[in-house]
Amino acid sequence: MLRFVVILSALICLAVSSPAISEEGDQHLSIQGLDWDSTQIFMGGMGYGVIYFNTTLLMDGKPKLYCVPPGVGVNGRLLWDLASKVLKGPHKPDIVAVAALDELKKKYPCAK
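Residues numbered from 1 in each chain as written. Predicted model: local features only at pLDDT ≥ 70, side-chain atom pairs only at ≥ 80, totals over all residues. Heavy atoms only, no water.

**Student:** It is not clear to me how helix α4 (residues 93-107) should be interpreted in this structure. Could you clarify?
**Tutor:** The periodicity of an α-helix, 3.6 residues per turn, causes residues three or four positions apart to be oriented the same way. Helix length check: α4, at 15 residues, gives a terminal C-alpha distance of 21 Å against a target of 21 Å (1.5 Å per residue), a fit within 8%. Where α4 is concerned, the buried positions are Val96, Ala97, Ala99, Ala100, Glu103 and Leu104. Around the axis of α4, the buried residues are gathered within 165 degrees of arc, so they sit on the same side. Away from its buried face by more than 90 degrees, α4 exposes Val98 and Lys106. Where the residues of α4 are buried, they touch β1 (29-31), α2 (36-59), α3 (76-86) and β2 (89-91). (Helix = DSSP H or I, 4+ residues; strand = E, 2+ residues; numbered from the N terminus. Expected span 1.5 Å × (residues − 1). Buried < 20%, exposed > 50% of the residue type's maximum accessible area, 1.4 Å probe, protein only. Arc of directions from axis to C-beta. Contact = heavy atoms within 4.5 Å.)

**Student:** Could you clarify how one ought to interpret the packing of aromatic side chains in this entry?
**Tutor:** The geometry of an aromatic ring pair is captured by two quantities: the separation of the ring centres and the angle between the planes. Under the defined criterion, the tally for this structure stands at one aromatic pair. Ring geometry for tryptophan 36 and tryptophan 80: centres 5.6 Å apart, planes at 80 degrees, overall edge-to-face. Taken together, the residues tryptophan 36 in helix α2 and tryptophan 80 in helix α3 connect sequence positions 44 residues apart. Of the two residues, tryptophan 36 and tryptophan 80, both sit in the buried class. (Phe/Tyr/Trp six-rings, centres within 6.5 Å; stacked < 30°, edge-to-face > 60°.)

**Student:** How should I be thinking about the side chain of asparagine 75 in this particular structure?
**Tutor:** Within the fold, asparagine 75 resides in the loop between α2 and α3. Within the structure, the side chain of asparagine 75 is placed 2.9 Å from the backbone nitrogen of leucine 78, a separation counted as a polar contact. (Polar contact = N/O pair within 3.5 Å; in protein donor to acceptor, adjacent residues only side chain to side chain.)

**Student:** Explanation requested: the state of the cysteines in the structure shown.
**Tutor:** Cysteine pairs can be linked by a disulfide, which is a covalent bond between their two sulfur atoms. Considering all chains together, one arrives at one disulfide under this definition. Note on cysteine connectivity: cysteine 67 is disulfide-linked to cysteine 110, with sulfurs 1.9 Å apart. Handedness of the cysteine 67-cysteine 110 disulfide follows from its S-S torsion of about 95 degrees: it is right-handed. Residue cysteine 67 is found in the loop between α2 and α3, and its partner cysteine 110 is found in the segment after α4; the two are separated by 43 residues along the sequence. (Disulfide = S-S within 2.5 Å.)

**Student:** In this structure, what is going on with the pattern of salt bridges? I would like to understand it.
**Tutor:** A side chain of one charge can pair with a side chain of the opposite charge if their charged atoms are brought near each other. For the structure shown, the criterion picks out three salt bridges. For aspartate 102, the salt bridge goes to lysine 106, with nearest N and O atoms at 3.3 Å. In this pair, aspartate 102 and lysine 106 both sit in helix α4, four residues apart, roughly one turn of the helix. Measuring nitrogen to oxygen at the nearest pair gives 3.4 Å for the salt bridge that ties glutamate 103 to lysine 106. Separated by three residues within a single helix, glutamate 103 and lysine 106 lie in helix α4, roughly one turn from each other. Take lysine 106: its relative accessible area is 54%, and that puts it in the exposed class. (Salt bridge = Lys/Arg side-chain N within 4 Å of Asp/Glu carboxyl O.)

**Student:** Is there a simple way to explain the nonpolar core in this structure?
**Tutor:** Across soluble globular proteins, nonpolar side chains show a tendency to be buried alongside one another. In this structure, Met43, Met46, Val50, Val74, Leu79, Val96 and Leu104 are the most contacted members of the largest nonpolar core, which totals 21 residues. Every element with two or more residues in this core is listed here: β1, α2, α3 and α4. Residue contacts for valine 50: discarding those within four places in its chain leaves Tyr66, Val74, Leu79, Leu101 and Leu104. (Core = buried A, V, L, I, M, F, W, Y, C linked by side-chain atoms within 4.5 Å.)

**Student:** So what exactly am I meant to see when it comes to the environment of proline 109 here?
**Tutor:** Looking at the element boundaries, proline 109 is found in the segment after α4. The exposed category is assigned to proline 109, whose relative accessible area is 52%.

Below, the structure is given as structure tokens:
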């Protein structure tokens, strides 16, 4: 029950504070088969997914994938920006997701 409350609380906080993804300046990366609205939904869902997975790892006593500092929220905008650093042009959704997660882990590594 505690795990559910922690995960739900994190998701609600991030849903309220997540800024919208702006189409301006992000025209180089695109996701194959998705229009802009669908891309925003995909990236937002990915944000919730990586938060959920990271929290699950923490609750299971396993090392987290990434460790953001206080005040930094993981959301679709952040993941899009990270993926945009390494990808240009249209890509399949899984490629964008892997690139975003890889860059998230590099930008916010956990202390060992």
